[in-house]
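For reference, the chains in residue letters:
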Amino acid sequence: MRPRLKARLAQLAASGKHVAGLAALTAIVLATPIQAQIWQITDWDPACIADNGASCDLGDHGVAVVLEQLQDVSQKLKDMGFRSPHVQRSPPIDPNSPYIVHLQEEPITIEGTGRAGNYSLSDGKLSIAYGLFFALGTETDQYMGTAAHELFHAVQASYGNRQLFVSRESDWISEGMAEAIALALAGAGTGISSTGTPYLDYSLDNLASVTGDPDDGKYASYPFWLYLAKRYGGAPDSRYAIFHDFLVEAENHLNLGRSVAIADAALRTIDPDGLYDIYPAFTAEVGNHPGFFEDVIEVKPVPDQSATASVETEATVRPLAARAFSVDIPASVATEGNGSRAVEIRLETEDPDAFHLIVGDKRYDEVSGAGRNVYFETGEDLDSELFVRVVNVSRDAAASREQNFKLVVTVYQEFVEMRSDGAQSGDAGIDAPLSISARALGQFWGPMRLRLILEAGLDDPCMFQLDMIATDRRASLGMMLLQNGPMPPGDYPIAGPEPRETVGQQAHAQEYAGQVVATFILDEGHPLIGEYAMRYMGQAGVVTIELITPHWIVGHARIAGTWTTTRPTTLPYDAPPAGPRDLEIEVAFSVPNAAVASRVNVASCIGT
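The rules behind each value
Position numbers for residues start from 1 in each chain and track the written sequence from start to end. The predicted origin of the model limits local features to residues at a pLDDT of at least 70 and limits the giving and counting of side-chain atom pairs to 80 or more, whereas totals for whole chains, interfaces and linings rest on all residues. Side-chain metrics in this entry use all non-hydrogen atoms of the structure; hydrogen atoms and water are not considered. Any two cysteine sulfur atoms within 2.5 Å of one another count as a disulfide. Every helix listed is a DSSP run of H or I at least four residues long, and every strand listed is a run of E at least two residues long, numbered separately from the N terminus. A simple rule labels every residue: compare its accessible area, found with a 1.4 Å probe on the protein chains alone, to the largest value its type can have, and call it buried under 20%, exposed over 50%, or partly exposed in between. Centres within 6.5 Å make a pair out of two Phe, Tyr or Trp rings, where for Trp the six-membered ring is used; the pair is then stacked when the planes are under 30 degrees apart, edge-to-face when over 60, and tilted otherwise. Note on pairing: DSSP must find at least two bridges between two strands before they are called paired. Whether two residues are in contact is decided by their heavy atoms, any of which lying within 4.5 Å being enough. Definition of nonpolar core: a set of buried residues of the types Ala, Val, Leu, Ile, Met, Phe, Trp, Tyr and Cys, connected through side-chain atoms within 4.5 Å. The working definition used for a salt bridge is a side-chain nitrogen of Lys or Arg within 4 Å of a carboxyl oxygen of Asp or Glu.

Trainee: I tried to follow the state of the cysteines on my own but got confused; where do I start?
Mentor: Enumeration according to the criterion identifies 2 disulfides in this entry. Linked covalently through their sulfurs, C48 and C56 form a disulfide whose S-S length is 1.9 Å. Taking the sign of the torsion about the S-S bond as the criterion, the disulfide between C48 and C56, at about -75°, is left-handed. The partner cysteine of C462 in its disulfide is C605, sulfur to sulfur 2.0 Å. Residues C462 and C605 are joined by a disulfide whose S-S torsion is about -95°; by sign, that bridge is left-handed. Placement of C462 in strand 21 (residues 461-470) and of C605 in the segment after helix 13 (594-597) is noted, with a sequence separation of 143 residues between them. For C462, a relative accessible area of 0% puts it in the buried group. According to the relative accessible area criterion, C605 is buried, its value standing at 0%. For the protein, the bonded cysteines connect in the pattern 1-2, 3-4 when numbered consecutively along the sequence.

See below:
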């Protein structure tokens, strides 16, 4: 305890007239509003609460702790630039007179509930139950709890926005901010309040607490205010001065009425997008744990026959709130692939601009168009579980409303498989079935603006090209689809050019737009042929695109091909083949488009 404060406390405790004198002063203060702007002193005088028969001993050690806390907290708030508190003084007419704190040992009864402290806005009366050391702290932990919380209410009251502190609708501001200050000045700026952490699936202005006590909900926004100070407030010893800036700015927007509208407008001086940006960012960093949600929906993609695993989950989210999902990524999907795997998570909603997708601690809402609210990761070593949150806050935060949405999760496995059932083809038998795994050698799809294509008459050309090679390098296949406009899922016929025709992009655009030009090669050493490789030109069949996104294409094809030439080219062109002249193969493929999607905007080629 500071020597000056200790001497003052001894002086007051020895005076039998002190309590009565302060009681008389209180009557004067009730008629004298206090709205000081500048801290001139940080001293405090104690007064016993004498109107309810409670115990009060100004010589108690708890009184010394309370006064020490109040003086130190006052000095810190003064140093951060806050206005001086709206609180009773002794005497009230002297700006240099100490502030009064009303004390009793037992809990203070307010609305039938015992409390460690209370602040009354109407008369500036600050009251504390000094006997509750669990709430007040000790001399070595002097700033925990009640003293800082209640004093900050008195500071809030010195700003010209009292309507924010007389309505339950605005408790999330007044109580949450005061609780944040109490933790911050205790050196526990990332700690947990005794009122518990919030459930973020409730609206920011109407939170519920993990304690289950309905009264704790009004304090539960404190992590939001701590985050605000950490992100925008600067150095740790002064970052909470940003609350001063907020309170000053809030005075300019009281005409907006609702606390969310006032807060959003005040926060736009800190971040131009206000709550539209701040709240998703808060959820990404602070709300990255299932413990912040009352309900976490489990999502388990189910494998299907196309080497994907997918699930669609419908849910509802409150305004200025988030829904949480635990996504379980399966170890494998139906078909064993030979390449990387990928996970895509996207949202489907009627109001995409109001939704914000968060996976882990990363946001996926900061782009526009088809890439907004889409998570996509690929690789051999994907996380087995993802923690996903969907935040609902509109650009006008006060206009946010409860909304429905659909979370779509797809797990892809990269693979290419070619096979033939061994049936007769033409006048040559197939001695061994064609059944091989392959890998994508290269793929391209997206908008095309080549001069030759434009000259051929396609003003909005889109192209999909896929080249694949067997893992044993004994077979390969290439196919290209070029058409005008989007390329939705569906069937695309195999073109039938002359077997020996060479089909370039211009010829494709002129004669075979909307059709697939396909060729495949069986290399020397393949069991179906002899000494030399054989090349086949597709003549009939169909390519089916099952799914197409900016990141992935899944489909299958049936291609009937006719032998066109052999290698090496020194042989006569019409040399008799050592394998079947006509061959039909089937292909299933699931391949990524991420390399292309990172370079060009492929959204215009996706059909709806």
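Structure shown, so let's carry the discussion forward.
Trainee: Would you mind showing me how to read the packing of aromatic side chains here?
Mentor: Both the distance between ring centres and the angle between the ring planes are used here to describe each pair of aromatic rings. A complete count under the given rule lists 20 aromatic pairs for this structure. Taking 5.6 Å as the distance between ring centres and 85° as the angle between the ring planes, the aromatic pair formed by F224 and F282 counts as edge-to-face. Here F224 is found in helix 7 (residues 222-232), whereas its partner F282 is found in helix 10 (residues 275-285), with 58 residues between them in sequence. One exposure class covers both F224 and F282, and it is buried.

Trainee: How should I be thinking about the pairing of strand 18 (residues 403-413) in this particular structure?
Mentor: Consecutive residues of a regular strand have side chains that alternate between opposite faces of the sheet. The buried count for strand 18 comes to 9 of 11 residues, which makes it a mostly enclosed element. In this sheet, strand 18 lies alongside strand 11 (residues 308-317) in antiparallel orientation, the contact comprising 10 bridges. Paired with A309 across the two strands is V411, which belongs to strand 18.

Trainee: Would you mind going over the sheet that holds strand 14 (residues 355-359) with me for this structure?
Mentor: In sheet architecture, strand pairing relies on hydrogen bonds along the backbone and comes in two forms, parallel and antiparallel. Here 5 strands make up an open sheet; going across it, the order is 9-12-17-14-15 and the pairing mixed. In the strand order of this sheet, the two ends are held by strand 9 (296-299) and strand 15 (362-363), each with one partner. With 2 bridges joining them, strand 14 and strand 15 adopt antiparallel strand pairing. Across the sheet, residue V359 finds its bridge partner in strand 15, namely K362.

Trainee: Which parts of the structure should I look at to understand helix 5 (residues 146-156)?
Mentor: The periodicity of an α-helix, 3.6 residues per turn, causes residues three or four positions apart to be oriented the same way. In terms of burial, helix 5 is largely enclosed, as 11 of its 11 residues are buried. Turning to helix 5, its buried residues are T146, A147, A148, H149, E150, L151, F152, H153, A154, V155 and Q156.

Trainee: Teacher, can you tell me more about helix 9 (residues 259-267) here?
Mentor: Most of helix 9 sits inside the fold, with 9 of its 9 residues counted as buried. Those residues of helix 9 lying buried are S259, V260, A261, I262, A263, D264, A265, A266 and L267. Those residues of helix 9 hidden inside the fold are in contact with helix 6 (171-185), helix 7, helix 8 (242-250) and helix 10.

Trainee: Mind showing me how you'd approach the nonpolar core here?
Mentor: The tendency in soluble globular proteins is for nonpolar side chains to be buried as a group. One finds L77, F152, W225 and F243 to be the most contacted residues of the largest nonpolar core, which totals 85 residues. With 10 residues, the top contributor of residues to this core is helix 6. With residues up to four places along the chain from it excluded, the contact list for F243 reads F82, F152, M177, A180, I181, W225 and A229. Formed by 35 residues, the second largest nonpolar core is a distinct cluster that contains I494, I559, F589 and C605.

Trainee: Quick question: what am I supposed to make of the pairing of strand 1 (residues 44-48) here?
Mentor: Most of strand 1 is tucked away: 5 of the 5 residues are buried. Every second residue of strand 1 is oriented toward a common face, with W44, P46 and C48 on one face and D45 and A47 on the other, all of them buried. Direction of pairing for strand 1 relative to strand 2 (residues 99-104): parallel, over a ladder of 5 bridges. Residue pairing in the sheet places P46 in a bridge with V101 of strand 2.

Trainee: Got a minute to help me understand the side chain of H149 in this structure?
Mentor: Here H149 shows up in helix 5. Judged by relative accessible area, which is 4%, H149 ranks as buried.

Trainee: Quick question: what am I supposed to make of the pattern of salt bridges here?
Mentor: As a working rule, side chains carrying opposite charge can pair if their charged atoms are close by. Across all of its chains, the model carries 19 salt bridges by this definition. Linking R231 and D271 is a salt bridge whose minimum nitrogen-to-oxygen distance equals 3.9 Å. Highlighted residues: R231 in helix 7 and D271 in the loop between helix 9 and helix 10, separated in sequence by 40 residues. According to the relative accessible area criterion, R231 is partly exposed, its value standing at 36%. By relative accessible area, which is 6% here, D271 ends up buried. Between D277 and R231 there is a salt bridge; the shortest N-O distance is 3.1 Å. With D277 in helix 10 and R231 in helix 7, this residue pair connects regions lying 46 residues apart in the sequence. Via salt bridges that share partners, R231, D271, D277, R363, D365 and E366 belong to a single interconnected network.

Limitation: the analysis is restricted to geometry and does not speak to function.
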